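Here are the chains, one letter per residue:
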Amino acid sequence: GAGVSQSPRYKVAKRGQDVALRCDPISGHVSLFWYQQALGQGPEFLTYFQNEAQLDKSGLPSDRFFAERPEGSVSTLKIQRTQQEDSAVYLCASSLAPGGETQYFGPGTRLLVL
Amino acid sequence: QKEVEQNSGPLSVPEGAIASLNCTYSDRGSQSFFWYRQYSGKSPELIMFIYSNGDKEDGRFTAQLNKASQYVSLLIRDSQPSDSATYLCAVNRRGSTLGRLYFGRGTQLTVWP
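Worth saying up front: this structure is predicted, and the values here are computed from it rather than measured.

1. A word on the sheet that holds strand β7 (residues 61–66) of chain B
Residues and elements named next belong to chain B. Spatial ordering of the open sheet is given by β1-β3-β8-β7-β6, a layout of five strands whose pairing is antiparallel. The sheet is open, and its two edges are formed by β1 (4–6) and β6 (54–58), each paired on a single side. Taken pair by pair, the neighbouring strands of this sheet meet at an average axis angle of 20°, ignoring direction. Bridge count between β7 and strand β8 (residues 71–76): six bridges; the pairing is antiparallel. Residue Q64 lies in a different strand from β8, and its bridge partner there is S73.

2. Thoughts on the state of the cysteines
Residues and elements named next belong to chain A. Taken as a whole, this structure holds two disulfides over all chains when the rule is applied. The partner cysteine of C23 in its disulfide is C92, sulfur to sulfur 1.9 Å. On the sign convention where negative means left-handed, the S-S torsion of about -60° between C23 and C92 marks this disulfide as left-handed. Taken together, the residues C23 in strand β3 (residues 19–24) and C92 in strand β9 (residues 88–95) connect sequence positions 69 residues apart. Across the pair, C92 and C23 agree in class, each one buried.

Criteria and cut-off values
- Residues numbered from 1 in each chain as written.
- Chains lettered and ligands numbered in written order.
- Predicted model: local features only at pLDDT ≥ 70, side-chain atom pairs only at ≥ 80, totals over all residues.
- Heavy atoms only, no water.
- Pairing = 2+ DSSP bridges.
- Helix = DSSP H or I, 4+ residues; strand = E, 2+ residues; numbered from the N terminus.
- Axes fitted to C-alpha atoms, helices over the stretch in contact; angles between N-to-C directions.
- Disulfide = S-S within 2.5 Å.
- Buried < 20%, exposed > 50% of the residue type's maximum accessible area, 1.4 Å probe, protein only.

Have a look at this one:
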């Protein structure tokens, strides 16, 4: 398919477990964004990559959150020692241009921490 | 004060009516304004963007921007039950990372037949 894909679609973790969430952006898209969406809220920015460079990580809520995009395409968001407050939908979006505001979202990963 | 404020609704309109969704933003320097539609359990889908004061029409959708009042709205004409979704307003912010968007919490719209 030509859209943004994410995996897994659903993840249940026990508190304290580490999780890794994957995003495959649209081919050729330079910009990649991660957002966190809590129930009943709008998406909240987490981090931004331009190619392989992480230009903004100011939205990551704690040092338990880590993201990478080593080859400028696929990105992984890792959450260490998950807490219940990490339960949310994690959305990945990509855009063709550097800093592109016209962003296309993936289906999201719904994370539930028990 | 949140960056972007939306009335969370729910907003309920009959089929064929005009649905009006409103959004205010706090940063007077914001330049780009977006409306996303999000069906329950799905990801946001971009439906409109607007950069200049005034109206922008695309099919049944019209976005209206008033930078002096820091207000952006979305009108949906001839509303259909398939328009029932949450509508998210998003804006950029002067001085923040290019492309970083700030979203409101969304307005839930129900169109009843």
